[in-house]
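What the coordinates show
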Amino acid sequence: MESGRATLLKEQQLKDQFDNLEKHTQSGIEFVERYSKFVKERSEIEISYAKQIRNLSKKYQPKKNSREEEENKYTSCRAFLSTLNELNDYAGQHEVIAENLTSQIITELSRYLTELKAERKSHFHDGRKAQQQIESSWKQLESSKRRFERDCKEADRAQQYFERMDADINVTKADVEKARQQAQMRHQIAADSKTEYSNYLTKFNQEQNEHYYTLIPNIFQKLQEMEERRIERVGVSMKTYAEVDREVLPIVGKCLDGMTKAAESIEPKTDSKQVVESYKSGFEPPGDVEFEDYGPGQTIKRTVSETSLSNSRGEAKERPGGGKSKGKLWPFIKNKNKSPKQNKEPLSNRFNEFMASKPKMTCLRSLRRGSRLLSLKLITLNSHVRNLIEGSGPEDFSHLPPEQRRKKLQAKIDDINKDIQKEMDQKDALTKMKGVYEKNPQMGDPASVDPRLVEMSMNIEKLQSEVQKFEGWLAEVEGRLPSRSDPPRRQSGLYESQHSNSTMVDNNCAQDRESSPDGSYTEEQSSETQVKVAIANTPEFDDEFDDGDEETLPTIGTCKAVYSFEGNTPLTGHNEGTISVTEGELLFVIEQDKGDGWTRVRRNEEEEGYVPTSYVEVFLETNAKDS
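Figured I'd write up the structure that's included with this text.

Cut-offs and rules
- Residues numbered from 1 in each chain as written.
- Predicted model: local features only at pLDDT ≥ 70, side-chain atom pairs only at ≥ 80, totals over all residues.
- Heavy atoms only, no water.
- Helix = DSSP H or I, 4+ residues; strand = E, 2+ residues; numbered from the N terminus.
- Buried < 20%, exposed > 50% of the residue type's maximum accessible area, 1.4 Å probe, protein only.
- Contact = heavy atoms within 4.5 Å.
- Areas by Shrake-Rupley, 256 points an atom, 1.4 Å probe, with all protein chains shown as cover.
- Expected span 1.5 Å × (residues − 1).
- Bend = angle between axes of the 7 residues up to and from the residue.
- Pairing = 2+ DSSP bridges.
- Axes fitted to C-alpha atoms, helices over the stretch in contact; angles between N-to-C directions.
- Salt bridge = Lys/Arg side-chain N within 4 Å of Asp/Glu carboxyl O.
- Parallel < 35°, antiparallel > 145°, perpendicular 65-115°, else oblique.
- Phe/Tyr/Trp six-rings, centres within 6.5 Å; stacked < 30°, edge-to-face > 60°.
- Lys NZ or Arg CZ within 6 Å of the ring centre and 35° of its normal.
- Core = buried A, V, L, I, M, F, W, Y, C linked by side-chain atoms within 4.5 Å.
- Patch = residues over 30% accessible without salt bridge, like charges linked within 9 Å, V, L, I, M, F, W, Y side chains within 5 Å.

1. A word on the overall build of the protein chain
- The helix and strand tally for the protein chain stands at 14 helices and five strands.
- For the protein chain, buried positions account for 35% of its 627 residues.
- Across the protein chain, every contact between residues at least 6 apart in sequence was considered, and the portion connecting residues at least 24 apart equals 74%.
- By element, 52% of the accessible surface of the protein chain is carried by carbon and sulfur atoms, the whole surface being about 39,100 Å².

2. Quick word on helix α4 (residues 173-264)
- Over its 92 residues, α4 runs 133 Å from end to end, which matches the ideal 136 Å to within 8%, given 1.5 Å per residue.
- In α4, a bend of some 45° at H211 exceeds every other bend along the element.

3. What to know about the pairing of strand β3 (residues 598-602)
- A large share of β3 lies buried, amounting to five of its five residues.
- Residues W598, R600 and R602 of β3 are buried on one face, and the alternating residues T599 and V601, pointing to the opposite face, are buried as well.
- Looking at chain direction, strand β2 (residues 586-591) and β3 are connected through three bridges and run antiparallel. Its bridge partner being in β3, E591 is matched across the sheet by R600.
- With five bridges connecting them, β3 and strand β4 (residues 608-612) associate as antiparallel partners. Note on β4: the bridge partner recorded for T599 is V611.
- In this structure, the hairpin formed by β3 and β4 is closed by a connection of five residues.

4. Digging into the sheet that holds β3
- Strand order in the open sheet made by the five strands is β4-β3-β2-β1-β5, with antiparallel pairing throughout. Only two strands of the sheet have a single partner each, and these edge strands are β4 and β5 (616-620). Averaged over neighbouring strand pairs, the angle between their axes works out to 40° when direction is ignored.

5. What to know about the pattern of salt bridges
- Per the stated rule, a full pass over the model turns up 24 salt bridges.
- Across the pair R111 and E108 runs a salt bridge whose closest N-O atoms are separated by 2.5 Å. Residue R111 and its partner E108 are both found in helix α3 (residues 75-167); the two are separated by three residues, about one turn of the helix.
- The class of R111 is partly exposed, set by a relative accessible area of 40%.
- What makes E108 partly exposed here is its relative accessible area of 31%.

6. Here we look at the packing of α3 against α4
- At their nearest, the axes of α3 and α4 sit 6 Å apart, and the two run at 170° to each other. In this view, α3 runs roughly antiparallel relative to α4, as classed from their interaxial angle.

7. As for the environment of C559
- Here C559 lies in strand β1 (residues 557-561).
- Taking the C-alpha atoms as reference points, C559 and E585, separated by 26 residues in sequence, lie 8.4 Å from one another.
- Discounting chain neighbours no more than four positions away, the residues touching C559 are E585, L586, L587, V589, V601, V616, E617, V618 and F619.

8. Regarding the packing of aromatic side chains
- In total, this model carries nine aromatic pairs according to the counting rule given.
- Note on F565 and Y615: the rings are 5.8 Å apart at their centroids and 75° apart in plane angle, and the pair reads as edge-to-face. One end of the pair, F565, is in the loop between β1 and β2; the other, Y615, is in the loop between β4 and β5, with 50 residues separating them in the sequence.
- What makes F565 buried here is its relative accessible area of 16%.
- Y615 gets classed as partly exposed once you look at its relative accessible area, which sits at 28%.
- A cation over a ring is seen here: R233 above Y112, with NZ or CZ 4.7 Å from the ring centre.

9. Quick notes on the nonpolar core
- In this structure, Y35, V39, L101, I105, L116 and Y241 are the most contacted members of the largest nonpolar core, which totals 31 residues.
- Mapped onto this core, the elements with two or more residues apiece are α1 (2-59), α3 and α4.
- Top contributing element to this core by residue count: α3, with 13 residues.
- Contacts of I105, omitting those with residues within four sequence positions, involve Y35, V39, N100, S237, T240 and Y241.

10. Structural notes on a nonpolar patch on the surface
- Where nonpolar side chains cluster on the molecular surface, the patch consists of L56, Y60 and F80 and spans about 290 Å² of accessible area.
- Looking at where Y60 falls in the secondary structure, it is placed in the loop between α1 and α2 (67-70).
- Its relative accessible area of 45% is what places Y60 among the partly exposed residues.

11. A look at the pairing of β1
- Burial along β1 is one-sided: G557, C559 and A561 are buried, and none of T558 and K560, which face the opposite way, are.
- The pairing of β1 with β2 spans four bridges and is classified as antiparallel. For T558, the partnering residue across the bridge sits in β2 and is F588.
- Relative to β5, β1 is paired through five bridges, and the arrangement is antiparallel. Following the sheet pairing, C559 is matched in β5 by V618.

12. Examining the environment of Y161
- With respect to the helices and strands, the residue Y161 is situated in helix α3.
- Expressed as a C-alpha distance, the spacing of Y161 and A183, which sit 22 residues apart in the sequence, is 7.9 Å.

Have a look at this one:
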């Protein structure tokens, strides 16, 4: 009885141990799953970080045909671009980390978890089967034991009954014999139950011994080994987790070294030279201003003042008053050594004297032409400024300073020459193909190549004409650019345009200067004359000269518009001096270009005006050329 209770207690304890092992192994599996989830989230963070780094690098990459791309010639900008490229590679290493974490840890742990769960399930299934087996054997033993106990009690009762019947004299012999047979049968049944119980007991003891000393220890050993392998696998994964980072450290270090090298490659002096080279205009500083002697007995000569723009183009030309004119002065340079000022009369008095002098009609007409051309030059300058602001300009880049214009023209010529070379290479290839077709007609029709060859020839001729056009402009610019041995002179577009008009006014109205009331021509008087020219540009001033005294100019030739020109647009204000022409239009020439870049033309008796000389092809009459 005690043995049975001990067995039941052991079975209960064994069952409790299996429950504990189930909980522990399940906890181990959950730990692996948790660690796998941790690595997965780390991988997602690496992917997200790499994506953000790539987007950051892409965001600050210079756009094509943008200001940032043009600034890549500076070492600092190139260093920043190199840093962005290294940063992009740096982001790639984080992507590598994410990929390795996924392939070497997450995928492996996922597969291992599947195997681990299957193995754990198998071991606990074997344990439960062994427990069921021992419990079944125990139940059989208990059943046989209870049956043997019951049969023994029945045999004892049958024996006692037989003895009572045998001792009773009133019972027949047959009844006694029957009771004896019954007692013997019960004793036989009890003997059989005893044998059966003994067999089950032996069997149970053997199974119990095998259960506790073989099956259960083996199952526990397998569970222990499974747990050890799980822990070992987690350790390997943790080591791999660190190695994944360590593997990319050399490349990350190279990326950082590249960033450091890019930063060390910055050269401030080189960038400064690039800026100077990029914005160098080609202008030369002005020459020295000559001393003007206003003492007694000295001949007064017209010289350049700090506020006048009507000097020559830096060329030493003889003037009637003696001496040479100096080179151009910058209009915004202040001259501290100003000439002695004289008492000046009001501008209105000078203007009245100018009107009362009644100069020749040619002078008035020239004055009016000069005022108009000054207005047109200013309009052209405004157009150039607008083109600079809008990022566009004329085809010949005339809105740029000489040095910048030369660079642009040279770059344009180089681009066109590349296109010509490309067309010529394609033409040579087609010519060879045509030769192959002529030798082997089965490969193709030679005539099918001719249209393309003709088209290429036309393209080449067109590009060559473009090259000649730009080379002409380039030669013109290079001819105007001063060399180091040339005397200092200015070539500002604004300065030259205003200089042309003031020079024309000076030449056409020399009589007015000679007949000034005080016998001298001062610097301020020149300024007053320029103010008169500006006033003459207003409609009221023009009306005073249009009183019918000006006669219609004769036709001196014809011209053909090479390009279209828009006159009388809102951009140019009134623009009384310009006229709109279309490409190919024929017009009459009534006044040649005076060196200011404008030709006066007439469309009909009432419509005339100025057009740019470079926009028309002029055909002068013979007598006009001779004159």
